[in-house]
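Observations on chain architecture
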Amino acid sequence: RVTGVQTCALPISPPSTYGIQYEGHVQNNGWQKPVITIGDSEIISVNEAGTDGRGLRVEALKLSGTNLPKGTSITYQAHVQNYGWMTPVTTTGNTAIDDAAKAGTNGEGLRVEAFKITLKGLPGYAIKYQTHVQNKGWMDAVETVNETNITQSTEAGTNGLGLRMEAVKIEIVKTEAEKALEVVAIDAVTKAETTKSDRKS
């Protein structure tokens, strides 16, 4: 007699160990202490650079990786008051944050209004980012997949509205396709090990 139905839960893709560190140059405060986000997380719980609720503009940003493999890089671009989209900058791999490239300005009293980010050399991953904008608060998080050209990268913030970006959250995440592939691979290994064990017993 069947008394119940057994279900086998699919394995879960392991969390990412890749991280990103970033810091903002903030009105009246200058360069803040850098923050680090490692692994996939809910964007709501990710560390924040800048301020929110204080009405202060972000004037520039620096980004760098942590635990990234050799050959990776992060390219980013800021849309700045009076300048529009500035020339993109790139930080390679795990450069010290003090030596990372600067997007935006400091000492000119100009607000960053929007920015874009992309990764290179990290297949199966994407960079996810969210901005806190004047009068709008936290906007929806956006994502750009590895190897996207910076001009095609997703824009966070606003453009043409004259609103300051006040804070930002950033993380490196696995794409859904990568997670699905990992789950299939883990499941196949688990089944093979179970079959091998059954044959021995």
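Conventions adopted
- Residues numbered from 1 in each chain as written.
- Predicted model: local features only at pLDDT ≥ 70, side-chain atom pairs only at ≥ 80, totals over all residues.
- Heavy atoms only, no water.
- Helix = DSSP H or I, 4+ residues; strand = E, 2+ residues; numbered from the N terminus.
- Buried < 20%, exposed > 50% of the residue type's maximum accessible area, 1.4 Å probe, protein only.
- Contact = heavy atoms within 4.5 Å.
- Areas by Shrake-Rupley, 256 points an atom, 1.4 Å probe, with all protein chains shown as cover.
- Salt bridge = Lys/Arg side-chain N within 4 Å of Asp/Glu carboxyl O.
- Polar contact = N/O pair within 3.5 Å; in protein donor to acceptor, adjacent residues only side chain to side chain.
- Phe/Tyr/Trp six-rings, centres within 6.5 Å; stacked < 30°, edge-to-face > 60°.
- Lys NZ or Arg CZ within 6 Å of the ring centre and 35° of its normal.
- Pairing = 2+ DSSP bridges.
- pLDDT = per-residue confidence, 0-100.

**Re the overall build of the protein**
The number of helices and strands found in the protein is 1 helix and 15 strands. Looking at the 201 residues of the protein, the share that counts as buried comes to 49%. Long-range contacts, defined as pairs at least 24 residues apart, comprise 75% of the intrachain contacts of the protein with a sequence gap of at least 6. On the protein, roughly 10,600 Å² of surface is accessible, and the fraction owed to carbon and sulfur atoms is 49%.

**Looking at the pattern of salt bridges**
Summed over the entire model, instances satisfying the criterion amount to 3 salt bridges. A salt bridge links Glu 59 to Arg 57, with the shortest nitrogen-to-oxygen separation between them at 2.8 Å. No difference in accessibility class separates Glu 59 from Arg 57, as the two residues are buried. Between Glu 113 and Arg 111 there is a salt bridge, with the nearest N and O atoms lying 2.8 Å from each other. The burial state of Glu 113 is the same as that of Arg 111; both residues are buried.

**A closer look at the side chain of Thr 37**
Relative to the helices and strands, Thr 37 is located in strand E3 (residues 35-38). Residue classification places Thr 37 among the buried residues on the basis of a relative accessible area of 6%. There is a polar contact of 3.4 Å between the side chain of Thr 37 and the backbone oxygen of Ile 170. Those residues within four positions of Thr 37 in sequence are excluded, and the remaining contacts are Tyr 18, Gly 19, Ile 20, Tyr 22, Val 46, Asn 47, Ile 170 and Glu 171.

**What about the packing of aromatic side chains?**
Per the stated rule, a full pass over the model turns up 2 aromatic pairs. Each ring, one from Phe 115 and one from Tyr 129, has its centre 5.4 Å from the other, and the planes form 45°; the classification is tilted. One end of the pair, Phe 115, is in strand E10 (residues 112-120); the other, Tyr 129, is in strand E11 (residues 125-133), and 14 residues separate them in sequence. For Phe 115, a relative accessible area of 2% gives the class buried. A relative accessible area of 0% places Tyr 129 in the buried class. We note Lys 116 situated over the ring of Trp 85; from NZ or CZ to the ring centre the distance is 4.8 Å. Above the ring of Trp 138, the side-chain terminus of Lys 169 is found at 4.6 Å from the ring centroid.

**Re the side chain of Gln 130**
Examined against the element boundaries, Gln 130 turns out to sit in strand E11. Using a relative accessible area of 10% as the deciding quantity, one classes Gln 130 as buried. A distance of 2.8 Å separates the side chain of Gln 130 from the backbone oxygen of Met 139, its partner in a polar contact. Those residues in contact with Gln 130 that sit more than four places away from it in its chain are Ile 43, Trp 138, Met 139, Asp 140, Ala 141, Ala 167, Val 168 and Lys 169.

**Description of the pairing of strand E8 (residues 89-92)**
Alternating positions in E8 separate cleanly, Val 89 and Thr 91 being buried on one face and Thr 90 and Thr 92 remaining unburied on the opposite face. Note: strand E6 (residues 73-80) against E8, 4 bridges, orientation antiparallel. Each residue of the ladder has a partner; that of Tyr 76, found in E8, is Val 89.

**What about the confidence of the model for the protein?**
In the predicted model, the protein carries a mean pLDDT of 88, and 85% of its residues have values of at least 70. Overall, residues 1-7 carries pLDDT values under 50, and its contacts beyond four positions in sequence, including any with other chains, amount to 0 contacts.

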